[in-house]
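# Coordinate inspection notes
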Amino acid sequence: MTIKRNLFASLALGAALAVPHLGFAQYGGQGLGSALSSNPMSHQGQVKAGVDDIASQAAQETPFKIIKDVKLGLKDADPEVRVSELVKLRFLQDPEVNQILIDSISDPDVRVKVKAIDILGAREANEAVPPMSTMLFLRSTEPIVKLHLVAALGRIGDAQGVVPVMQYLGEDQDERGRGTAVFALGEIGSDKAIPLLNAVVAQDRSSMVRRLAKEALQKVSGELPTERAKTVAQASTKQQLEPTDQKLAKLREMEKKMEDMER
């Protein structure tokens, strides 16, 4: 009888000692939030599904996360990588975005410069006008970069950009360059450009440039709406909000028209 009791006690003691090890194996730590655990989150286990997965995915899509990734990508040696990183900023609403783009117009690669300039123009970033105007004055700035600077200044429409664009137009540009500058002056809509635009209408050897100059004069006088004014008017007359994908499609369509005109 004594032997049976001792055997039973030994079995019970062994089972009791095995329980903590079972808890440890199931939860990957010191049981369910044991005071001995060095991990304060150990009571939640090591696998976090459901709500935690959704929260993690949302965190990856926040502006902070995107900007952090873009900054890292802009350090890449491959210009194509840097260009693709800038594209991520096109529709991102964050006060830090425009400064990142402004810094990128000084990139050593022309492709990166052009992409940053185009996005700043599409975002209508007024704070980009002074550095873009300065860049337009520099002789070292590549001709293709100057062309995109003029187009972007027109899209932004800030009056600060009128003098640099007028100076660009006054230089010996090809038909595409003159046409882009004339269109930009019409979009900016400053009275300062009227004498120069009248001269273009009277003297330019290209019928296309003369036509664009006439339209620019009409925009300055208010007889014709600018492209920006058309966009604002269309948006204000809509009684129902458009789906986001339709808005983006229209913006891309407008960008394509600008790019076609620059070619």
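Treat the numbers as computed from the prediction; the structure is a model and nothing was measured.

It is worth spelling out unusual backbone geometry at this point. Unlike most non-glycine residues, E124 shows phi in positive territory, near 55°. Structurally, E124 can be placed in the loop between helix 6 (110-122) and helix 7 (129-137). Given the relative accessible area of 38%, E124 is considered partly exposed.

Among the structural elements, L212 can be located in helix 12 (residues 207-221). As a C-alpha pair, L212 and V201 span eleven residues in sequence and 8.5 Å in three-dimensional space. When sequence neighbours within four positions are dropped, the list of residues in contact with L212 reads G179, V182 and F183.

Once that is clear, we can look at the nonpolar core. The biggest cluster of nonpolar side chains holds 49 residues, and the ones touching the most others in it are L89, L120, M132, V165, V182 and L197. The element contributing the most residues to this core is helix 8 (residues 143-156), with seven residues. Other than its neighbours up to four places away in sequence, L120 contacts N98, L101, I102, I105, A125, A128, M132 and I156.

A few words now on the pattern of salt bridges. One side chain can pair with another of opposite charge once the charged atoms of both are near each other. Counting across every chain of the model gives ten salt bridges. Of the charged contacts, one joins K65 and D69 as a salt bridge, the two residues approaching to 2.7 Å between their closest N and O atoms. One end of the pair is K65 and the other is D69, both in helix 3 (residues 63-73) and four residues apart, which spans about a single turn. Judged by its relative accessible area of 29%, K65 is partly exposed. Exposure remark for D69: the relative accessible area of 31% places this residue in the partly exposed category. A salt bridge links R211 to E215; its shortest N-O distance comes to 3.3 Å. Of the two residues, R211 and E215 are both situated in helix 12; the distance of four residues between them amounts to about one turn of the helix. Take R211: its relative accessible area is 44%, and that puts it in the partly exposed class. What you see here is one network of salt bridges that share partners, running through E80, D109 and R111.

Calculation criteria
Within any chain, residue numbers begin from 1 and follow the written order of that chain's sequence. Local features in this predicted model are restricted to residues of pLDDT 70 or higher, and side-chain atom pairs are both shown and tallied only at a pLDDT of 80 or more, whereas totals for entire chains, interfaces and linings draw on every residue. With hydrogens and water set aside, each side-chain value is computed from the structure's full complement of heavy atoms. Under the scheme used here, helices are H or I runs from DSSP no shorter than 4 residues and strands are E runs no shorter than 2 residues, and both carry numbers assigned from the N terminus. Three labels apply to residues, based on accessible area from a 1.4 Å probe with only protein chains included: buried if under 20% of the type maximum, exposed if over 50%, partly exposed otherwise in between. It only takes one pair of heavy atoms within 4.5 Å for two residues to be counted as in contact. Here, nonpolar core refers to any group of buried Ala, Val, Leu, Ile, Met, Phe, Trp, Tyr and Cys residues whose side-chain atoms link them within 4.5 Å. Salt bridges are counted wherever a side-chain nitrogen of Lys or Arg sits within 4 Å of a carboxyl oxygen of Asp or Glu.

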